[in-house]
Amino acid sequence: MKLEWDKDSANGNDIKVILLGSSRLLLQQGLTESLTGRFEAIYVPHWSFSEMNELHGMNVEEYIWFGGYPGAADLRNDETRWKAYMLTSIIESSISRDILMLTRVDKPALIRQFFDFGCTYSGQILSLNKIIGQMQDAGNTTTLSHYLKLLDQAGLLSGLGKYSPDVIRQRAASPKFNVQNMALMSALAPSGFKEVRQNPARWGRWVESAIGAHLINECLAHGHQLFYWRNRNDEVDFVIKGNGKVIGLEVKTAASGMTSGMEAFRKQFNPDKVLLIGPSGIPEAEFLGMEIESMLR
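So, how was this worked out
Residues numbered from 1 in each chain as written. Predicted model: local features only at pLDDT ≥ 70, side-chain atom pairs only at ≥ 80, totals over all residues. Heavy atoms only, no water. Patch = residues over 30% accessible without salt bridge, like charges linked within 9 Å, V, L, I, M, F, W, Y side chains within 5 Å. Areas by Shrake-Rupley, 256 points an atom, 1.4 Å probe, with all protein chains shown as cover. Salt bridge = Lys/Arg side-chain N within 4 Å of Asp/Glu carboxyl O. Helix = DSSP H or I, 4+ residues; strand = E, 2+ residues; numbered from the N terminus. Pairing = 2+ DSSP bridges. Axes fitted to C-alpha atoms, helices over the stretch in contact; angles between N-to-C directions. Contact = heavy atoms within 4.5 Å. Expected span 1.5 Å × (residues − 1). Buried < 20%, exposed > 50% of the residue type's maximum accessible area, 1.4 Å probe, protein only. Arc of directions from axis to C-beta. Parallel < 35°, antiparallel > 145°, perpendicular 65-115°, else oblique. Nonpolar A, V, L, I, M, F, W, Y, C, P; charged D, E, K, R; others polar. Polar contact = N/O pair within 3.5 Å; in protein donor to acceptor, adjacent residues only side chain to side chain.

Draft legend 1. Representation of a nonpolar patch on the surface. Nonpolar side chains collect at one region of the surface, where M1, I15, V17 and L19 lie side by side and expose about 350 Å² of accessible area between them. The topology assignment puts L19 in the loop between α1 (2-11) and α2 (24-34).

Structure below.
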């Protein structure tokens, strides 16, 4: 690509080249090494609720569980087959082909175990030190931080930092795990869709993770930052920072109003907005169809 680019530049050919590929790590590696200063990265996120609804007729509950992989959506009526497809065709292929074949990973079994752990605890804040105590041959926090970065770059699992005007405090805080596509969390769950949907507490975790996945993809696509915030017993699920604005978001699947965490966050940081998502605020289906730029206006 660099050779052809240089030929076109020398010959005065005014063309634009678009490189497409499913492996973000592979594209990033080639571009940064060979085309430094000559490219613009345009992030194409996972499929949104609006897209899956239009293409496959998914309702919001199906999207929260089955996520945004269009190739797997046709299998959702046979959940056993759907999970097998996700595990072999999507998850294993992404880790083996997009990570292990392109980067040096000293402990392949550990990164797979860490990915399973992060998906299982999606939507929760966990210390890397505590994770080390629950995983075999986990090494140290530096190793896990590196693996989390690789999983994030591969479009699989993110570790959100704690919101703070102090950058050092942001980096020192424990990450909040969140899958980038809900199909990853559901495929690794021991229970099925109907069982989890009938359990309000468990379903609430899926709803919060779905909101997080939507925000992660929107922030990546538009160059904004996403955090969580917690101070003792006060917590706000997500914090968006972009366009010079700060927005706090709290997800509540039960019918309840403003929480103490939202009030504490408002008093401490004076954000531009604090939004409640759920029965007493913005409905989940409406929010999952919103673009982040509309929130930051």
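On we go from here.
Draft legend 2. Looking closely at the sheet that holds strand β4 (residues 234-242). Taken together, the 6 strands give an open sheet; going across it, the order is β2-β1-β3-β4-β5-β6, and neighbouring strands pair in mixed fashion. Of all strands in the sheet, those with a lone pairing partner are β2 (176-179) and β6 (273-277), marking the two edges. Put simply, the sheet's adjacent strands are angled 35 degrees from each other on average, direction ignored. Bridge count for strand β3 (residues 225-231) against β4 is 6 bridges, and the pairing is antiparallel. Following the sheet pairing, R230 is matched in β4 by E235. Of the strands in this sheet, β1 (157-162) and β2 touch helix α9 (residues 141-153), which is tilted by about 115 degrees from β1.

Draft legend 3. Spotlight on helix α13 (residues 200-222). Compared with an ideal rise of 1.5 Å per residue, which puts 23 residues at 33 Å, α13 spans 33 Å between its outermost C-alpha atoms and is within 8% of the ideal. Backbone geometry just downstream of α13 places G223 in the positive-phi region, at approximately 75 degrees.

Draft legend 4. View of helix α14 (residues 260-269). The complete set of buried residues in α14 reads G261, M262, A264, F265 and F269. Down the axis of α14, the buried side of the element spans an arc of 165 degrees, and every buried residue falls inside it. Exposed residues pointing more than 90 degrees away from the buried face of α14 are listed as S260 and K267. The elements touched by buried residues of α14 are β3, β4, β5 (245-251) and β6. A positive phi of about 50 degrees marks N270, the residue just after α14.

Draft legend 5. Structural detail: the packing of helix α7 (residues 108-120) against α9. Across the interface, α7 lies against α9 with an axial gap of 10 Å and an inter-helix angle of 70 degrees. Judged by the inter-axis angle, α7 sits roughly perpendicular to α9. Contact residues: L110, I111, F114 and F115 in α7; T143, L144, Y147, L148, L150 and L151 in α9. A per-class count over the contact of α7 with α9 returns 9 nonpolar, 1 polar and no charged.

Draft legend 6. Quick look at unusual backbone geometry. Positive phi, normally seen in glycine, also occurs at N243, with a value near 55 degrees. Counting through the fold element by element, N243 comes out in the loop between β4 and β5. In the Ramachandran plot, N270 falls in the positive-phi region, its phi being about 50 degrees despite a non-glycine side chain. Mapped onto the elements, N270 comes out in the loop between α14 and β6.

Draft legend 7. Quick peek at the side chain of Q180. Position of Q180 among the secondary structure elements: in the loop between β2 and α11 (182-187). Within the structure, Q180 has its side chain in polar contact with the side chain of D152 (distance 2.8 Å).

Draft legend 8. Looking closely at the pattern of salt bridges. Tallied over the full model, the rule gives 10 salt bridges. Note that K176 is salt-bridged to E208, the shortest N-O span being 2.9 Å. Taken together, the residues K176 in strand β2 and E208 in helix α13 connect sequence positions 32 residues apart. Since its relative accessible area comes to 15%, E208 is described here as buried.

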